[in-house]
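# Coordinate analysis (summary)
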Amino acid sequence: MTNNPNVVISDSKSSINMAITVTVSNSSIFQATAQKPPAGPTSTGGYISISRSTRLLQPDGRARIKTWVDSMRASSPSRIKPTSSLSDHDHNSSWMLHHPSALEMFDQIIDASKGKQIVMFLDYDGTLSPIVDDPDRAFMSDAMRKTVKKVARSFPTAIVSGRRRDKVYGFVRLGELYYAGSHGMDIKGPTKDSNYKKCTQSVLFQPASEFLPMIDQVYKQLVEKTKSTPGAKVENNKFCLSVHFRCVEEKKWSELAQQVKSVLKDFPKLRLTQGRKVLEIRPTIKWDKGKALEFLLESLGFGNCSDVFPVYIGDDRTDEDAFKIIRERGQGFGILVSKFPKETSASYSLREPSEVMYFLQRLAEWKKRPPLPGQCEM
Ligand SMILES: O=P(O)(O)OC[C@H]1O[C@H](O[C@H]2O[C@H](CO)[C@@H](O)[C@H](O)[C@H]2O)[C@H](O)[C@@H](O)[C@@H]1O
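This report concerns the structure included in the present document.

Reading guide: rules and limits
- Residues numbered from 1 in each chain as written.
- Predicted model: local features only at pLDDT ≥ 70, side-chain atom pairs only at ≥ 80, totals over all residues.
- Heavy atoms only, no water.
- Near = heavy atom within 4 Å.
- Polar contact = N/O pair within 3.5 Å; in protein donor to acceptor, adjacent residues only side chain to side chain.
- Areas by Shrake-Rupley, 256 points an atom, 1.4 Å probe, with all protein chains shown as cover.
- Helix = DSSP H or I, 4+ residues; strand = E, 2+ residues; numbered from the N terminus.
- Nonpolar A, V, L, I, M, F, W, Y, C, P; charged D, E, K, R; others polar.
- Pairing = 2+ DSSP bridges.
- Contact = heavy atoms within 4.5 Å.
- Axes fitted to C-alpha atoms, helices over the stretch in contact; angles between N-to-C directions.
- Phe/Tyr/Trp six-rings, centres within 6.5 Å; stacked < 30°, edge-to-face > 60°.
- Buried < 20%, exposed > 50% of the residue type's maximum accessible area, 1.4 Å probe, protein only.
- Left-handed = near helix turned anticlockwise from the far one by under 90°.

Our focus in this paragraph is the site of the ligand. Close to the ligand lie 22 residues; Val-132, Glu-235, Arg-246, Arg-276 and Lys-289 are nearest. Asn-237 places a polar side-chain atom, nitrogen or oxygen, 2.9 Å from an oxygen atom of the ligand. Within the contact set of the ligand, an oxygen atom lies 2.6 Å away from a side-chain nitrogen or oxygen of Arg-246. Here the ligand, which alone exposes 570 Å², has 99% of that area covered by the protein. Among the secondary structure elements, those contributing two or more residues to the shell around the ligand are β10 (241-244) and β12 (278-283). Broken down by class, the residue content of the shell around the ligand amounts to seven nonpolar, five polar and 10 charged.

Let us look at the sheet that holds strand β13 (residues 308-314). Pairing between the strands of a sheet comes from backbone hydrogen bonds, and it takes one of two forms, parallel or antiparallel. Ordered by their spatial adjacency, eight strands build an open sheet running β8-β7-β6-β5-β4-β13-β14-β15, and the pairing between neighbours is mixed. Strands at the two margins of the open sheet, each flanked by one partner only, are β8 (204-205) and β15 (348-350). Across four bridges, the pairing between β13 and strand β14 (residues 333-337) is parallel. Paired with Gly-314 across the bridge in β14 is Leu-336. Most of the contacts of helix α5 (residues 106-113) go to β13, to which it runs at about 145°, and overall it touches β4 (117-122), β13, β14 and β15.

In this section: the packing of aromatic side chains. This structure, assessed with the given rule, holds 12 aromatic pairs. Between Phe-333 and Tyr-348 the ring centres are 4.9 Å apart and the planes differ by 80°, which places this aromatic pair in the edge-to-face class. Of this pair, Phe-333 sits in strand β14 while Tyr-348 is found in strand β15, placing the two residues 15 residues apart along the sequence. Given the relative accessible area of 10%, Tyr-348 is considered buried.

Moving on, we come to the pairing of strand β9 (residues 233-236). As defined by bridge partners, β9 adjoins β10 across four bridges and the pair is classed as antiparallel. When the bridges of β10 are listed, Asn-236 appears paired with Leu-241. Counting the residues in the hairpin turn of β9 and β10 gives four residues, including Lys-238, whose phi is positive at 70°.

The next subject is the packing of helix α8 (residues 212-226) against helix α9 (residues 253-264). Contact geometry of α8 with α9 gives a least axis separation of 10 Å together with a crossing angle of 145°. Considering the relative orientation of α8 and α9, their crossing is right-handed. Residues Val-218, Gln-221, Leu-222, Lys-225 and Thr-226 of α8 lie in contact with α9, whose contacting residues are Leu-256, Gln-259, Val-260, Ser-262, Val-263 and Leu-264. Its residues assigned to classes, the contact of α8 with α9 comprises six nonpolar, four polar and one charged.

All we've got here are geometric facts, nothing functional implied.
Written out as C-alpha cells, the structure reads:
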C-alpha cells in the first residue's frame, strides 16, 4: 500500500456544476471519478441546512430568523432530547449502549479489521485539537502530532476539515498525510511519504474552484456587515466561509443571523449549514466530507474493494456525511467525539481529543506488534 497514487487531478474551469478534468492521470479510477463523480444528496448529515434559495426568501422573514436562532442554539452541544420516560442517566446509558466507547471496544474494532487495510480519516477541530474560543489558536499538542505521525506510518491517513487546507496544514504540519480542506472541497495528497522522501506527484482535487471569486466577495461583505456585532468572526476557508458566534452574546444571535441572511440573499448558489457555534457558508455543489472520503478511498485504490476498513473520527455535524457513507458501505466504523449523546450515524464514541489520542496510540502500537505465530498481518 502506498500513499502515492501517482495522479494529479485538477478542477475544470468549464461549469459551475462541477465538471472535473483529469489533467494527468495514470489511473482509470481517477478517470472514472472525473467522468462520474459519486452521486448523492447535498446532505448535511440530517441537520438543519438553511438554503437561501428555498428558505431565505420566504415572506415571513422573522419566523425564518427564529428558526436560524433555534438552530444556532441547538448547535453545540446538539443533544438528543431525552424522552420523558427516561432520566438523563438512563438516556446516557442507552446512548452509550448504541455508541460504545471506541477505547472499550478497541479489541472488537481490531478483530473486525483483520485482513483488511485500515485507512484513517481524522477531523481536526474538536477531534485532534480541543475547541477554543479563538479559531486561530486551535493548536494541536506535540503529543497529538507525534501520535498522528505514528499512525500515518502504519496506515494511509487523511485530515478532513472544514478549514482551508493550508491553515489546517499549518496546525498539523505533517507532510505524509492527505489533506481535505474546505469540507473536502480541496484535497491534496502527501508531499512526502512516511520515509520522509519527497513525493513528486500527488492528488489535487478542487471541485468548487469556480466559486472562489464569489466566496471572496461574500467574505468581504460578511466582514463588513457583521463588524457591528461584538464577538462575531468571519473566517475565510477558501471554498467556504465560517461565521463564528461562540463569542457573541446569545441576545445578539438573531441580529447576526439577520446580517448573514441579508448578505446571502444575493447569492443563491451558496448554502448555509451549521457546525459547533458556527454558521458555515458553502457552494451548493454535491460535495461534502462523505464524498471526500469516497474520493480518497478511490484514489488509494480501494474504490470497489472489500478489504478496506475506513475509520473516520470526527466531532462535528459535517462529519455525519462521512459516517453515513461508512455505514452505507458496510466497511469500517465512524467514531463520534462527544461528551454528550447526539444523533449520529457513527458506531462508536470517544469523549474528547485526549481519548482520540489514546485510541490512535493504541492503534499505532497494535500495528507495530509482531503478528502471533500463524497470524497473517495486514
Ligand atoms: O471540520 P473541522 O476541522 O472540525 O472544522 C470545523 C470548523 O472548525 C473550526 O471552528 C470550530 O473550532 C474553533 C476552534 O476550537 C471554535 O472556536 C469554533 O467555535 C468551532 O466551530 C474552524 O474555525 C471553522 O472554520 C471550521 O469550519
